[in-house]
Amino acid sequence: MNQISWTLQSFRQILKTCIAERDLITGKSLQALYIKSFIAPSTYLSNHFILLYSKCGRLTAARKAFDATINPNVFSFNAIIAAYTKESQPRIAHQLFDQIPQPDLVSYNTLIAGYADRGDTVPAISLFMGMREIGFEMDGFTFSAAITACCDDIVLMSQLHSLAISGGYDSYVSVNNSLVTYYSKNGYLEEAKRIFYGLGEIRDEVSWNSMIVVYGQHREGKKALALYQEMVRRELNVDMFTLASVLTAFTCLEDLCGGHQFHAHLIKTGFHQNPHVGSGLIDLYSKCRGGMSDCRKVFQEISGPDLVLWNTMISGYSQNEEFSEEALDCFRRMQRAGHRPDDCSFVCVISACSNLTSPSQGKQIHSLALKCDIPSNRISVNNALVAMYSKCGNLQDARRLFDRMPEHNTVSLNSMIAAYAQHGIEMQSLLLFEQMLVRDIPPTNVTFISVLSACAHTGKVEEGRKYFNMMKEKFGIKPEAEHYSCMIDLLGRAGKLSEAERVIETMPYNPGSISWATLLAACRKHGNIELAVKAANQCIQLEPSNAAPYVMLANIYSTAGRWDEVQTVRKLMRDAGVKKKPGCSWIEVNKRVHVFVAEDSSHPLINEVYEFLEEMLKKMKQAGYMPDLRWALLRDDGTREGERELRLGHHSEKLAVAFGLISTKEGEPILVVKNLRICGDCHNAIKFISAITGREITVRDAHRFHCFKEGQCSCGDYW
Ligand code: ZN
Ligand code: ZN
């Protein structure tokens, strides 16, 4: 290129193109030419270099260019302020702002928006108020940024809203978009709708899009889809954000079929390879039953997935418990592809480790997070770790981590409260909840599930009632079916069976099988056969293929010695073709997971396990253990008693516990996980085993943790 032929004008032109196209390479060579100073120093050109680096996310280079500017003017300052706010450093931006002799509207707007993005309400609003005080002319963007900065301060927000109206700013599309987004994000769906539908024809694609997002967030998928169809009818521009929101709508409707059709449309328009839309597709498929294979396909079709997309994929796997191994695998592949995992990647992969109940992998990921410089105060990662340690049965490490966290939010407390409740340390759980209230950390519906179940387990009927009312009245949380189940459990355990039944009859939801199963369990405990039959029938009607209610009913009859009815239930079960789901249990020893099924013959050390159990059985019987053959009754139709006893002794959880005992050091605690609920006989047997061996044995079943120690279980024999 001949330097002589360069004119200042063409130089400017190329630089502008570089900025528009984020072309860093050409931009850098232009700057080298500029520094060689065959062109006279120009503030105008310097500003454009600052802008180029800022747009390309090169903060250090932007700052260098700014510092080299000989006569920085307000545009130079604005460019460098934009660079800092973009990198989420509004404080440094503010220091620069204070050096501007006469800040203009752009300076203000950039800085306020920078604070707003980070949720820094106070500095953003004081800048805004400062503008008003000196009578500085604002525009729609100023208001939009200030609205966003309100975060969850609805009082402040309504003041701003009235200011916007009185100043006539509510005619700006950007202001209305921010209002719609603000109200919807904070749960004021009606207000958001009122503004959107009040906008008339000036509303632009952004408002349409915000409103579709709003409906998606409020799980009003049908309305979102209707709005989308209206947009198509009016031939409005549909962009990737709208399309992603439509996918969200299908996700919340769990409409896999509609999602598939829409996917086909996306392929036709070529949008399916867009990472943003791809993310939406992965999210949709991972949340719909049986969608994981589609998920994988979508992911494979996107060339060079970015970190966000990898994270969506890992998250998709980890949300589906049976794909937890794949989540870990995906995490490793992402690293091999050269991506450095961020907070979000760690949160997802840690939750996969919790699902796998793999303490060794969990610990490994924990140390990797420390190596990857994920700050040790990152709250979301810590929350995931607390939940992981607790799910892996390591309550002490969970608590230690919880205590070391510099700050707690609702999720942290929810994790710890649930951990105590599931481990049968309900008093700690309730104590922590009271502290949560004192510390003004707002509880959520999840908190109340743990709290109510803790009350149920400790028989605190009055406290349970109090908390149930507090949830509705003080915190405005609408009780869900799960909360009602907790209340049924609470009353049922305490023997208030008719009151429990009344809860089922009066709850504002269709009682699901869980409600009736909870009542059924209570009937078993209190020997109320009549109500048990009713509850069992309801369960069977709602979930005909589930064996559990049949089994429980048969157990109730056999306890009462009503053998004819036991036979009837068995016949019913056979006729309905219901089979008990095969139980399996697993244990991690020396970083390897060992899986056992009943009557296992595949494990290499199975003979040693059976020998150990035989020896153990003798000692248990001496200590007073009686095999409870009811638990073998349904399965082993027609077998002789001796065989039944033998089979009972070979349930998967007993095998896993035995294997744990012979393959770990004396005194070491062991953790076994079972896919179904623990059986009554195994529960009793493991109590004896814990007393005889002096070991702490934890069994995490499909429902809760059983911590066996010195012949007792933390569940208090009720689960
Ligand atoms: Zn068993
Ligand atoms: Zn137990």
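Summarised in this report is the structure supplied together with it.

Criteria and thresholds
- Residues numbered from 1 in each chain as written.
- Chains lettered and ligands numbered in written order.
- Predicted model: local features only at pLDDT ≥ 70, side-chain atom pairs only at ≥ 80, totals over all residues.
- Heavy atoms only, no water.
- Axes fitted to C-alpha atoms, helices over the stretch in contact; angles between N-to-C directions.
- Helix = DSSP H or I, 4+ residues; strand = E, 2+ residues; numbered from the N terminus.
- Parallel < 35°, antiparallel > 145°, perpendicular 65-115°, else oblique.
- Left-handed = near helix turned anticlockwise from the far one by under 90°.
- Contact = heavy atoms within 4.5 Å.
- Nonpolar A, V, L, I, M, F, W, Y, C, P; charged D, E, K, R; others polar.
- Salt bridge = Lys/Arg side-chain N within 4 Å of Asp/Glu carboxyl O.
- Buried < 20%, exposed > 50% of the residue type's maximum accessible area, 1.4 Å probe, protein only.
- Pairing = 2+ DSSP bridges.
- Donors = N, O, S within 2.8 Å, 3.2 Å for Na, K, Ca; no water.
- Tetrahedral: all angles 85-135°; square planar, octahedral: opposite > 155°, others 65-115°.

Two elements in contact, helix α17 (residues 275–287) and helix α18 (residues 292–301), have axes whose closest approach is 8 Å; the angle formed by their N-to-C orientations is 165°. Considered as vectors, α17 and α18 are oriented roughly antiparallel to each other. Judged by the sense of rotation from one axis to the other, the crossing of α17 with α18 is left-handed. Listed contacts from α18 to Gly278, Leu281, Ile282, Tyr285 and Ser286 of α17 are Met292, Asp294, Cys295, Val298 and Phe299. Across the contact of α17 with α18, the residue classes break down as 7 nonpolar, 2 polar and 1 charged.

Below, the discussion takes up the pattern of salt bridges. Applying the stated criterion across every chain yields a total of 27 salt bridges. Across the salt bridge formed by Lys193 and Glu190, the nearest N and O atoms sit 3.4 Å from each other. Of this pair, Lys193 and Glu190 both sit in helix α12 (residues 189–198), 3 residues apart, which is roughly one turn of that helix. We classify Lys193 as buried; its relative accessible area is 14%.

Attention shifts here to the pairing of strand β1 (residues 584–589). Both β1 and strand β2 (residues 592–597) contribute to a ladder of 6 bridges, which runs antiparallel. When the sheet's bridge partners are listed, Ser585 is paired in β2 with Phe596. Counting the residues between successive antiparallel strands, the hairpin from β1 to β2 contains 2 residues, one of them, Asn590, with a positive phi of roughly 50°.

Further remarks concern the coordination of the zinc ion (ligand 1). Listed as protein donors to the zinc ion (ligand 1) are His651 (ND1), Cys679 (SG) and Cys682 (SG); their distances from the metal cover 1.9 to 2.1 Å. Donor residues for the zinc ion (ligand 1) sit on one chain with the sequence pattern H-x27-C-x2-C. With a gap of 28 residues between them, His651 in the loop between α37 (641–649) and α38 (652–663) and Cys679 in the loop between β3 (670–674) and α39 (680–693) connect regions that are remote in the sequence. Side by side, His651 and Cys679 carry an identical accessibility label, which is buried.

With that out of the way, let us pick up the coordination of the zinc ion (ligand 2). The zinc ion (ligand 2) binds to the protein through His683 (NE2), His706 (ND1), Cys713 (SG) and Cys715 (SG), with metal-donor distances spanning 2.0 to 2.2 Å. For the zinc ion (ligand 2), the 4 donor atoms are set out with angles of 102 to 117° between them, so the coordination reads as tetrahedral. One chain supplies every donor for the zinc ion (ligand 2), spaced along it as H-x22-H-x6-C-x1-C.

Judged by pairing direction, the sheet is mixed, and its 6 strands sit side by side in the order β2-β1-β3-β4-β5-β6 without closing on themselves. Unpaired on one side and paired on the other, β2 and β6 (712–713) mark the two borders of the sheet. Where strand β4 (residues 697–700) meets strand β5 (residues 705–709), 4 bridges bridge the pair, whose relative direction is antiparallel. Residue pairing across strands places Val699 opposite His706, the latter belonging to β5.

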